[in-house]
Amino acid sequence: MTICNACRYCEGHCAVFPAMEKHLTFDASTIEYLANLCHQCGACFQHCQYAEPHEFAVNVPDTFAAVRTSSYVNHIWPGMARPLVRHGRTFSFVSALLATTVFSIGVYLEHGGQVFSRSHDSFYEVIPHGVMAGTFSVLGVAVLLVWTMSLVRFWRILGLPSAFFIDRQTYVRALKSMLTLENLGGGHGKGCYQHGERASQIKRWFHHLTMYGFLLCFAATSLGTVYHYVLQFPAPYDWLTGPKLLGTLGGVSLLFGSAGLYWSRRQTTPEIDTEDYGMGVSLIVLLFATSLSGLALPLLKDSSWLGVALCLHLGIVVAMFTCFAWGKFMHGMYRAVALIKSEHDELP
Ligand code: SF4
Ligand code: SF4
């Protein structure tokens, strides 16, 4: 950072460099802040005159990616969950396997083996609505608790004032930055340099498909809850109902977005493809598997595969919840806090 602070060639590339220029020295918390503000667009690496083979071997995205991963581990709550973050791939796989097995055993004990060999009119014939709602409500509250505790730690480390003393304009500007991913624009708006010397918007678009697809799926689930408890209109829903339309649109968007992000990651220039304990790939695979299995369920409704598919889908969703709490999903939260600090420091 000291070299970049003297050079300043990249100051128009993203929010990181203007934030960096406010500092003369770089302690651990400042480095963590800048690292989480970095969107890994690769522009500063492609344009750096001090990158290898220069003896300084400057590689900002690689350095920041490693620091970001450390920050997820350092600030995770509870601290004893750190090994789960360090073994992201194994943790996700074992969570999905265990949860699928538990759901399958529960269904078998409740209905006997024939539940897996005949068709059903509704998912709730296989697993009651109360069991599903109860399981994911408990998991949701646990995830919210982990997020709150981890983010409070990170918020304090960045030296931000109480959330209530930050003005609305700061939140609005940070939110706009999150929703548009403007820091993946490479400074000129033409995109990032994930795959080499040519700027491309492809990663930004796949990320949008994934993020907005996920939000649509969340909206579908929330609307389904309103239908069930407020309107007394339980599932299954027709294709032309709000929950089904939102869920299908979100699922397709998530499917293509996560597949695209996986492809984009595989094509990433090796110099900026930093190892992250497998957290990134785990999240992408879980999002893809969730959308694929979720989209398959209505199509299997009249088939004897419905019971197996439902247990598998719910097992994958449980693994995704664990990934929300102790996996790569946290990057969105940490980046949001870093963007709030960036906007807070910018405003007079
Ligand atoms: S990444 Fe390289 S070119 Fe950009 S500011 Fe740092 S040292 Fe200068
Ligand atoms: S990789 Fe992109 S977002 Fe990260 S510091 Fe460099 S220019 Fe900024």
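Reference entry: report on the structure contained in this document. Since the model is a prediction, treat every value here as computed from it, not as a measurement.

## Structural notes on the overall build of the chain
So, step 1. Across its full length, the chain holds 14 helices and zero strands.
So, step 2. From first element to last, N terminus to C terminus, the chain shows the α and β order α-α-α-α-α-α-α-α-α-α-α-α-α-α.
So, step 3. Computed over C-alpha atoms, the radius of gyration of the chain comes to 22 Å, within 12% of the 20 Å expected from 2.2 N^0.38 for 348 residues, which places it in the range of a compact globule.
So, step 4. Considered along the principal axes of its C-alpha atoms, the chain spans approximately 70 × 45 × 40 Å.
So, step 5. Looking at the chain as a whole, 47% of its 348 residues are labelled buried.
So, step 6. For the chain, long-range pairs separated by at least 24 residues make up 73% of all intrachain contacts whose partners lie at least 6 apart in sequence.
So, step 7. Carbon and sulfur atoms form 66% of the exposed surface of the chain, whose accessible area is close to 17400 Å².
So, step 8. Between the mean site of the 23 positive side-chain charges and the mean site of the 22 negative ones, the chain shows a separation of 2 Å.

## Observations concerning the site of ligand 1
So, step 1. Contacts to ligand 1 come from Ile3, Cys4, Cys7, Arg8, Tyr9, Cys10, Phe17, Cys44, Cys48, Gln49, Tyr50 and Val60.
So, step 2. By residue number, the principal contributor to the shell around ligand 1 is helix α1 (residues 2-7), which donates three residues.
So, step 3. The residue inventory of the shell around ligand 1, partitioned by class, reads ten nonpolar, one polar and one charged.

## Description of the site of ligand 2
So, step 1. As a matter of local geometry, ligand 2 sits amid His13, Cys14, Val16, Phe17, Cys38, His39, Gln40, Cys41, Gly42, Cys44, Val60 and Pro61.
So, step 2. Of all the elements in the fold, those that place two or more residues in the shell around ligand 2 are α2 (16-20) and α5 (60-74).
So, step 3. Taken together, the residues of the shell around ligand 2 break down into eight nonpolar, four polar and no charged.

## Describing the environment of Val107
So, step 1. If you trace the backbone, Val107 turns up in helix α7 (residues 88-111).
So, step 2. In the structure, Val107 is positioned 20 residues away from Ile127 in sequence and 6.7 Å away in space, judged by C-alpha atoms.

## Examining the side chain of Ser253
So, step 1. The topology assignment puts Ser253 in helix α11 (residues 242-266).
So, step 2. A polar contact of 2.6 Å, which involves the side chain of Ser253, links it to the backbone oxygen of Leu209.
So, step 3. Leaving out residues up to four positions away in the same chain, Ser253 has contacts with Leu209, Thr210 and Gly213.

## A look at α5
So, step 1. Look at α5: 21 Å from first C-alpha to last across 15 residues, which is about the 21 Å you get at 1.5 Å a residue.
So, step 2. If you check which residues of α5 are buried, you get Val60, Pro61, Phe64, Ala65, Val67, Arg68, Thr69, Ser71, Tyr72 and Val73.
So, step 3. The distance from a side-chain oxygen at the start of α5 to the backbone nitrogen of Asp62 is 3.1 Å, and the residue carrying that oxygen is Asn59.

## Some remarks on unusual backbone geometry
So, step 1. Cis rather than trans, the peptide bond between Glu52 and Pro53 has omega equal to 15°.
So, step 2. Of note, Pro53 is situated in the loop between α4 (43-46) and α5.
So, step 3. A cis amide bond links Trp77 to the next residue, Pro78, at an omega of -10°.
So, step 4. Here Arg8, not a glycine, exhibits a phi torsion of approximately 60°, which is positive.
So, step 5. Structurally, Arg8 is set in the loop between α1 and α2.

## Side note on a nonpolar patch on the surface
So, step 1. There is a patch of nonpolar side chains on the surface, built from Val226, Tyr229, Val230, Leu231 and Phe233 and spanning about 480 Å² of accessible area.
So, step 2. Its place among the elements puts Tyr229 in helix α10 (residues 202-229).
So, step 3. According to the relative accessible area criterion, Tyr229 is partly exposed, its value standing at 47%.

## As for the environment of Met330
So, step 1. Secondary-structure assignment places Met330 in helix α14 (residues 330-346).
So, step 2. Distance from Met330 to Trp147, taken between C-alpha atoms, is 7.8 Å for residues 183 residues apart in sequence.

## Some remarks on the nonpolar core
So, step 1. Leu34, Leu37, Ile127 and Phe324 are the most contacted members of the largest nonpolar core, which totals 73 residues.
So, step 2. With 14 residues, the top contributor of residues to this core is helix α13 (residues 306-326).
So, step 3. Apart from residues lying up to four places away in sequence, Leu34 is in contact with Met1, Val16, Ala19, Met20, Phe26 and Phe64.
So, step 4. In this structure, Cys41, Ala43, Leu181 and Tyr193 belong to the second largest nonpolar core, which totals six residues.

## Remarks on the pattern of salt bridges
So, step 1. If you walk through the whole model with that rule in mind, you get six salt bridges.
So, step 2. Where Lys176 meets Glu182, a salt bridge forms, and the shortest distance between an N and an O atom there is 3.6 Å.
So, step 3. The structure contains a network of salt bridges with shared partners spanning Arg265, Asp276 and Lys328.

## Some words on helix α3 (residues 28-37)
Along an α-helix, residues three or four apart share an orientation, since each turn contains 3.6 residues.
So, step 1. Most of α3 is tucked away: seven of the ten residues are buried.
So, step 2. Check the buried side of α3 and you find it contacts α2, α5, α8 (129-157) and α14.

Definitions and cut-offs
- Residues numbered from 1 in each chain as written.
- Chains lettered and ligands numbered in written order.
- Predicted model: local features only at pLDDT ≥ 70, side-chain atom pairs only at ≥ 80, totals over all residues.
- Heavy atoms only, no water.
- Helix = DSSP H or I, 4+ residues; strand = E, 2+ residues; numbered from the N terminus.
- Rg over C-alpha atoms; globule rule 2.2 N^0.38 Å.
- Buried < 20%, exposed > 50% of the residue type's maximum accessible area, 1.4 Å probe, protein only.
- Contact = heavy atoms within 4.5 Å.
- Areas by Shrake-Rupley, 256 points an atom, 1.4 Å probe, with all protein chains shown as cover.
- Lys, Arg positive; Asp, Glu negative; His and termini not counted.
- Charge placed at Lys NZ, Arg CZ, Asp CG, Glu CD.
- Near = heavy atom within 4 Å.
- Nonpolar A, V, L, I, M, F, W, Y, C, P; charged D, E, K, R; others polar.
- Polar contact = N/O pair within 3.5 Å; in protein donor to acceptor, adjacent residues only side chain to side chain.
- Expected span 1.5 Å × (residues − 1).
- Patch = residues over 30% accessible without salt bridge, like charges linked within 9 Å, V, L, I, M, F, W, Y side chains within 5 Å.
- Salt bridge = Lys/Arg side-chain N within 4 Å of Asp/Glu carboxyl O.
- Core = buried A, V, L, I, M, F, W, Y, C linked by side-chain atoms within 4.5 Å.

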